[in-house]
Amino acid sequence: MSPKWRIIASWRFNWQISLMFIALLAYLCRDWQTLTTAVGLITIPLFPLYYFFFPESSRWLVEKRRFVEAEYWIRKAMWFNRLSPRTDLREFLENVARTENKRQERIVPYTYLDLFHNRKMSIWTIVLLYASLTLAIDWYGINSSISSLTGNIYLNVAVGGIGAFVMGLLSIYIINWIGRVKSFVLFISLTGCCHLVILAMKVTGVAHYNPMAVTYFSLASISVMAGGWCAARMSCWELYPTLMRNIATGSFTMGMKLGSIIAPFITLLAVYHGSIPYVIFATASFSSGILAFLLIPETKNKPLPENLPSKKNQKLKPFVKCSGGFDPGGLESA
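Conventions used here
- Residues numbered from 1 in each chain as written.
- Predicted model: local features only at pLDDT ≥ 70, side-chain atom pairs only at ≥ 80, totals over all residues.
- Heavy atoms only, no water.
- Helix = DSSP H or I, 4+ residues; strand = E, 2+ residues; numbered from the N terminus.
- Buried < 20%, exposed > 50% of the residue type's maximum accessible area, 1.4 Å probe, protein only.
- Contact = heavy atoms within 4.5 Å.
- Areas by Shrake-Rupley, 256 points an atom, 1.4 Å probe, with all protein chains shown as cover.
- Phe/Tyr/Trp six-rings, centres within 6.5 Å; stacked < 30°, edge-to-face > 60°.
- Salt bridge = Lys/Arg side-chain N within 4 Å of Asp/Glu carboxyl O.
- Axes fitted to C-alpha atoms, helices over the stretch in contact; angles between N-to-C directions.
- Parallel < 35°, antiparallel > 145°, perpendicular 65-115°, else oblique.
- Left-handed = near helix turned anticlockwise from the far one by under 90°.
- Nonpolar A, V, L, I, M, F, W, Y, C, P; charged D, E, K, R; others polar.
- Patch = residues over 30% accessible without salt bridge, like charges linked within 9 Å, V, L, I, M, F, W, Y side chains within 5 Å.
- Core = buried A, V, L, I, M, F, W, Y, C linked by side-chain atoms within 4.5 Å.

Caption draft 1: Molecular detail of the overall build of the chain. Within the chain, the secondary structure is distributed over 13 helices and zero strands. Counting only residues that meet the buried cut, the chain has 41% of its 334 residues in that class. Taking as baseline every contact in the chain between residues at least 6 positions apart, the subset at least 24 positions apart corresponds to 75%. Total accessible area on the chain stands at roughly 18,800 Å², and carbon and sulfur atoms take up 68% of it.

Caption draft 2: Focus on the packing of aromatic side chains. Per the stated rule, a full pass over the model turns up three aromatic pairs. Taking 5.5 Å as the distance between ring centres and 80° as the angle between the ring planes, the aromatic pair formed by Tyr 27 and Tyr 154 counts as edge-to-face. Of this pair, Tyr 27 sits in helix H1 (residues 13-29) while Tyr 154 sits in helix H8 (residues 153-178); the two residues are 127 residues apart in sequence, bridging distant segments of the chain. Centre to centre, the rings of Tyr 72 and Trp 73 are 5.0 Å apart; their planes meet at 75°, and the pair counts as edge-to-face. Residue Tyr 72 is classed as partly exposed on the basis of its relative accessible area, which comes to 48%. Of the residues examined, Trp 73 reaches a relative accessible area of 21% and is grouped as partly exposed.

Caption draft 3: Structural context of the pattern of salt bridges. Inspection of every chain in the model, using the stated rule, returns four salt bridges. For the salt bridge of Arg 75 with Glu 71, the shortest nitrogen-to-oxygen distance reads 3.1 Å. Separated by four residues within a single helix, Arg 75 and Glu 71 lie in helix H5 (residues 67-80), roughly one turn from each other. When its relative accessible area of 30% is taken as the criterion, Arg 75 is described as partly exposed. Taking the shortest distance from any N to any O, the salt bridge between Arg 180 and Glu 238 comes out at 3.0 Å. Residue Arg 180 is located in helix H9 (residues 180-204), and its partner Glu 238 is located in helix H11 (residues 211-239); the two are separated by 58 residues in the primary sequence. Using a relative accessible area of 1% as the deciding quantity, one classes Arg 180 as buried.

Caption draft 4: Geometry of the packing of H9 against H11. Remark: H9 packs on H11, axes separated minimally by 8 Å, with the N-to-C direction vectors making an angle of 155°. What the angle tells us is that H9 and H11 run roughly antiparallel. For the pair H9 and H11, the crossing hand works out as left-handed. Looking at the contact of H9 with H11 residue by residue, the class counts come to 17 nonpolar, eight polar and two charged.

Caption draft 5: Here's a closer look at a nonpolar patch on the surface. Together, Leu 46, Leu 49, Tyr 50, Tyr 51, Phe 52, Phe 53 and Phe 54 line one region of the surface with nonpolar side chains, adding up to about 880 Å² of accessible area. Residue position: Tyr 50 is located in helix H3 (residues 46-53).

Caption draft 6: Spotlight on the side chain of Ser 223. Considering the arrangement of structural elements, one finds Ser 223 in helix H11. Assessed through its relative accessible area of 12%, Ser 223 is described here as buried. Residues in contact with Ser 223, not counting those within four places in the same chain, are Gly 160, Gly 163, Ala 164 and Met 167.

Caption draft 7: Region of the structure containing the nonpolar core. Judged by nonpolar contacts, the single largest core of 55 residues is most densely connected at Phe 184, Tyr 240 and Ile 296. Mapped by element, the contributors of at least two residues to this core are H1, helix H7 (119-144), H8, H9, H11, helix H12 (242-268) and helix H13 (276-295). Top contributing element to this core by residue count: H11, with 13 residues. The next biggest cluster of nonpolar side chains, apart from the first, holds nine residues, and it includes Leu 61, Phe 67, Ile 74 and Leu 93.

Next comes the structure, spelled out in structure tokens:
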């Protein structure tokens with residue numbers, strides 16, 4: 001996939017559609033036991049759909065030497081894209097399998113420690129982890145307290161999903177226009193501004209006389225964060241080379257899950273003062289944007305890094321002893 005359209009893979013539109021659907025389902029069910037049962041029943045048809053209609057990875061089939069299945073799915077994909085299949089496809093796949101097996105024999109297994117291979121990579125990893133933590137704290141913090149907002153709870157959830165869907169769609173063009181880092185800074189700063197407005201209303205007492213304003217800005221922050229998710233994922237995917245990309249994505253997801261655990265406890269601080277959660281949300285948002293702007297390099301329209309130079313060619317001393325090393329985007333010459 002070209003860098004221009006790589007952003008589509010980071011747009012989790014199914015998540016926003018699920019928010020809209022769960023609002024409707026909860027409105028119809030009204031109690032959590034019935035809602036949980038309904039969600040479980042809806043997912044049952046997905047298992048045969050996945051098994052019969054979703055193809056297996058062609059690369060995995062080739063590595064397992066299941067050439068007949070791999071050839072079938074590759075030819076089907078080429079037909080769908082109106083491409084002419086090569087006549088020696090079977091022989092080509094066998095050569096790929098032999099080459100891949102030889103390459104795999106030379107590959108050293110990589111671990112999470114390799115994300116901290118040197119100073120520059122350590123900074124990238126820490127900043128991206130903090131970005132995922134901040135996004136999750138903001139997102140789950142607002143959503144976990146949505147029942148306390150003025151208005152219909154089902155409508156609030158649905159509107160939040162619609163806003164996030166629209167912003168996710170717009171983020172595809174914004175991120176391709178101004179870049180990954182600037183887009184993340186834009187979205188996370190707008191999120192912080194929403195929290196600051198709510199904080200000001202809480203402190204000045206405006207929230208007491210106009211509670212719907214708090215609802216509006218809370219739903220706006222949920223919508224804007226959808227673009228922040230897309231931009232942060234893109235930076236995470238494009239900074240690390242192929243052999244490290246899954247590990248980096250797993251670390252990003254870990255930060256997100258950690259934030260989802262912390263977020264409800266932050267919202268509980270409102271029992272001491274209603275402004276405390278928004279102070280934390282705003283501080284985390286702005287600090288994450290500043291760190292990303294200063295420390296994360298732009299990856300717009302740049303090829304995905306593939307090179308894995310040996311450690312003896314690295315000029316920066318590693319922070320920790322790692323099992324591998326690489327030089328994405330000029331790391332070796334830093």
